[in-house]
Amino acid sequence: MSAPIIRIDNLDKSFGTLKVLNGLSFDVMPGEKLALIGPSGSGKTTILRILMTLETISGGHIEVCGEQLYHMQKGGREVPADEAHLHKMRAHIGMVFQHFNLFPHKSVLDNITLAPILTKGEPRAKAEARGMELLEMVGLADKARAMPSQLSGGQKQRVAIARALALQPRIMLFDEVTSALDPELVEEVLLVMKRLASETDMTMLLVTHEMGFAHEFADRVLFFDKGHIVEQGPPGQIFTNPTHERTQTFLRKIIAAGHRV
Amino acid sequence: MGDWGGYLSLILQGALVTIKLTVLGSALALVMAFVAGLGRVSRFAVLRALATTYIEFFRGTSIFVQLFWVYFVLPFAGFTLTPLQAGVMALGLNVGAYGAEVVRGAILSVPRDQYEACIAVNLTRFQRMRHVILPQALPLMLPTFGNNAIELLKATAVVSLISLSDMTFQAQVVRAQTGSTMVPFVTILVLYFLMSLAISRGIRALEARVTRGLDGVR
């Protein structure tokens, strides 16, 4: 049994007076595919944003790849992490956003190669060769020279996935990556993610409202409500035989709203 | 009437001074705009305070007074400048203060999710600004920069007050010597107009260049 790649320990997060996460703890094992589900405002996206260091934390500890994410040792004492420490830790983690967040002034290929060239000092030729491989993988090799504004939503999201992969993170975070897409474009993005899940040993955390996809994709499903894990387990159990009433109600509403399970 | 050629060349000499002041003044203004504009969005309070002080001071006092200070008062502190240097400095610092607010506004209007994408791909603060934020902010700055440059061009006329023979000054000379008011003033009217036309054309061409591929974004 190896050590967890992510350990969340007694995590608190407040926005002003609003407590979003309250004493949350869970571990993620290396290579695990985790789906975080639950109603809006339950704190799922906040967890991903905290792991990507896009938020600050109000209390608790997070360990990533055996090191504290938001804390560091200085003079034998634990102090809040500085920018240099965060920079080092971010190298382990990649994220794909709901609204793609591509760089609009860069071509598709440049979107992918920018960070490897700047942060890892990769030679352009090597970064571009790798970028083309990734575009091949997401089925967009012919769009390498296109600008993001010329792509459909599904294509943009696939480029965003390639961009995150280019840095070869050990952990990938997917934040409602299909929520902003037209229904007929969802499938192409999910297909890429399925391939990714089956072909790599990357650890993946997925926040989604696509229950059918979560079922197929995840090794473990966490059901969140009001910043707490109400229930967790293998997808077979959570989706077909949830024990908590809150989970049952949520899944019933989701199905009624037309989402597949 | 035979001397009109000579008078015209006098005005053209003045035009050269005006162009020199505009180009050098704009260059200084551009540098100041970026230095102070970036200072305004810095995470260091000291830099923010310095930038704010500079901007408020130069926007809050008259260009005439600033010019007099640079040319007549600074020598008492041991800095003696030529009239051209003083003119460039006063114009550049004055217009740079306006430009700084343009830079700041444009930087702040780049959507937050662009910053987040930069963090997600682990760019440093400097790389974020240099490769992602500024390239997107620049197209937003250009139209106002064009206005500022034209304002600067027209403000160059104040330098005649510190004995610099710019275009307006030379027109006055020609008027005094010939007694004709119409000819010299129509001439400089046309010349100022052509110069500002050149600026706005230049800015438009630049805009077209930096916004290439950005269609559909804004």
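Refer to the structure above for everything that follows.
The notes below deal with the structure included here.

Looking now at the overall build of chain B. Counting its secondary structure elements, chain B contains 8 helices and 0 strands. For chain B, the sequential pattern of α-helices and β-strands runs α-α-α-α-α-α-α-α. Contacts in chain B between residues far apart in sequence, at least 24 positions, make up 76% of those at least 6 positions apart. Of the accessible surface of chain B, which amounts to about 11,200 Å², a share of 69% is contributed by carbon and sulfur atoms. Charged side chains of chain B number 17 positive and 9 negative; the gap between the two group centres comes to 6 Å.

Read across the sheet, 4 strands follow the order 2-1-4-5 (chain A) without closing on themselves; strand pairing throughout is antiparallel. Two strands bound the open sheet, and with one partner strand each, they are strand 2 (18-28) and strand 5 (67-68) of chain A.

Here the focus is a nonpolar patch on the surface. Judged by side-chain polarity, B:Phe64, B:Val65, B:Phe68, B:Trp69, B:Phe72, B:Val73, B:Phe76 and B:Leu161 come together as a nonpolar surface patch covering roughly 810 Å² of accessible area. If you trace the backbone, B:Val65 turns up in helix 3 (residues 63-73).

Quick look at the side chain of B:Thr168 now. Assignment of secondary structure puts B:Thr168 in helix 7 (residues 167-178). Among the polar contacts made by the side chain of B:Thr168, one reaches the side chain of B:Tyr192 at a distance of 2.6 Å.

Time to look at the packing of helix 3 (residues 108-120) of chain A against helix 6 (residues 125-155) of chain B. One can describe the packing of helix 3 of chain A onto helix 6 of chain B by two numbers: an axis separation of 12 Å at closest approach and a directional angle of 150°. The angle between helix 3 of chain A and helix 6 of chain B falls in the class roughly antiparallel. Every pair of crossing elements has a handedness; the one defined by helix 3 of chain A and helix 6 of chain B is right-handed. From helix 3 of chain A, A:Leu114, A:Leu118 and A:Thr119 reach across to helix 6 of chain B, where they touch B:Gln127, B:His131 and B:Val132. Residue composition of the contact of helix 3 of chain A with helix 6 of chain B, by class: 3 nonpolar, 3 polar and no charged.

Turning to the packing of aromatic side chains, a few remarks are in order. Counted according to the given criterion, the structure contains 8 aromatic pairs over all chains. Their ring planes at 35° and their centres at 5.1 Å tell us that A:Phe213 and A:Phe217 sit as a pair that is tilted. Of this pair, A:Phe213 and A:Phe217 both sit in helix 7 (residues 211-217), 4 residues apart, roughly one helical turn. By the burial criterion, A:Phe213 is buried, and A:Phe217 matches it. With centroids separated by 5.2 Å and ring planes inclined at 50°, the aromatic side chains of B:Tyr54 and B:Phe58 adopt a geometry described as tilted. Of this pair, B:Tyr54 and B:Phe58 both sit in helix 2 (residues 45-60), 4 residues apart, which is roughly one turn of that helix. The exposure class assigned to B:Phe58 is buried, which follows from its relative accessible area of 15%. By way of ring pairs, the aromatic residues B:Tyr54, B:Phe57 and B:Phe58 are connected into one cluster. Between A:Arg163 and the ring centre of A:Phe103, over which it is positioned, the NZ or CZ distance is 4.6 Å.

It is worth spelling out the environment of B:Ile199 at this point. All names here are of chain B. Its place among the elements puts Ile199 in helix 8 (residues 182-210). Residue Ile199 is classed as buried on the basis of its relative accessible area, which comes to 19%. Distance from Ile199 to Thr52, taken between C-alpha atoms, is 28 Å for residues 147 residues apart in sequence. If sequence neighbours within four positions are ignored, Ile199 has contacts with Thr22, Gly146, Ala149, Ile150 and Leu153.

Here we take up the layout of surface pockets. The calculated volume of the largest pocket comes to roughly 880 Å³. Lining the largest pocket are 31 residues, and of these B:Val41, B:Ser42, B:Arg43, B:Arg125 and B:Met129 lie nearest its centre. Listed by contribution, the elements that provide at least two residues to the lining of the largest pocket are helix 2 (83-90) of chain A together with helix 1 (4-40), helix 2, helix 4 (83-108), helix 5 (112-120) and helix 6 of chain B. It is helix 6 of chain B that contributes the most residues to the lining of the largest pocket, 7 residues altogether. A class-by-class count of the residues in the lining of the largest pocket yields 20 nonpolar, 3 polar and 8 charged. Around the second largest pocket, the lining is made up of 23 residues, and of these B:Ser26, B:Phe145, B:Ala149, B:Ile199 and B:Ile203 lie nearest the centre. Of all the secondary structure elements, the ones that give two or more residues to the lining of the second largest pocket are helix 1, helix 4, helix 6 and helix 8 of chain B. When residues of the lining of the second largest pocket are assigned to their parent elements, the largest contribution, 9 residues, is made by helix 1 of chain B. Its residues assigned to classes, the lining of the second largest pocket shows 19 nonpolar, 4 polar and no charged.

Quick notes on the rules
Residues numbered from 1 in each chain as written. Chains lettered and ligands numbered in written order. Predicted model: local features only at pLDDT ≥ 70, side-chain atom pairs only at ≥ 80, totals over all residues. Heavy atoms only, no water. Helix = DSSP H or I, 4+ residues; strand = E, 2+ residues; numbered from the N terminus. Contact = heavy atoms within 4.5 Å. Areas by Shrake-Rupley, 256 points an atom, 1.4 Å probe, with all protein chains shown as cover. Lys, Arg positive; Asp, Glu negative; His and termini not counted. Charge placed at Lys NZ, Arg CZ, Asp CG, Glu CD. Pairing = 2+ DSSP bridges. Patch = residues over 30% accessible without salt bridge, like charges linked within 9 Å, V, L, I, M, F, W, Y side chains within 5 Å. Salt bridge = Lys/Arg side-chain N within 4 Å of Asp/Glu carboxyl O. Polar contact = N/O pair within 3.5 Å; in protein donor to acceptor, adjacent residues only side chain to side chain. Axes fitted to C-alpha atoms, helices over the stretch in contact; angles between N-to-C directions. Parallel < 35°, antiparallel > 145°, perpendicular 65-115°, else oblique. Left-handed = near helix turned anticlockwise from the far one by under 90°. Nonpolar A, V, L, I, M, F, W, Y, C, P; charged D, E, K, R; others polar. Phe/Tyr/Trp six-rings, centres within 6.5 Å; stacked < 30°, edge-to-face > 60°. Buried < 20%, exposed > 50% of the residue type's maximum accessible area, 1.4 Å probe, protein only. Lys NZ or Arg CZ within 6 Å of the ring centre and 35° of its normal. 1 Å grid on protein atoms, 1.4 Å probe; cavity = no way out; pocket = protein on both sides within 12 Å on 5 of 7 lines; lining within 4 Å. Points joined across faces, edges and corners; volume = space filled by probe spheres on them.

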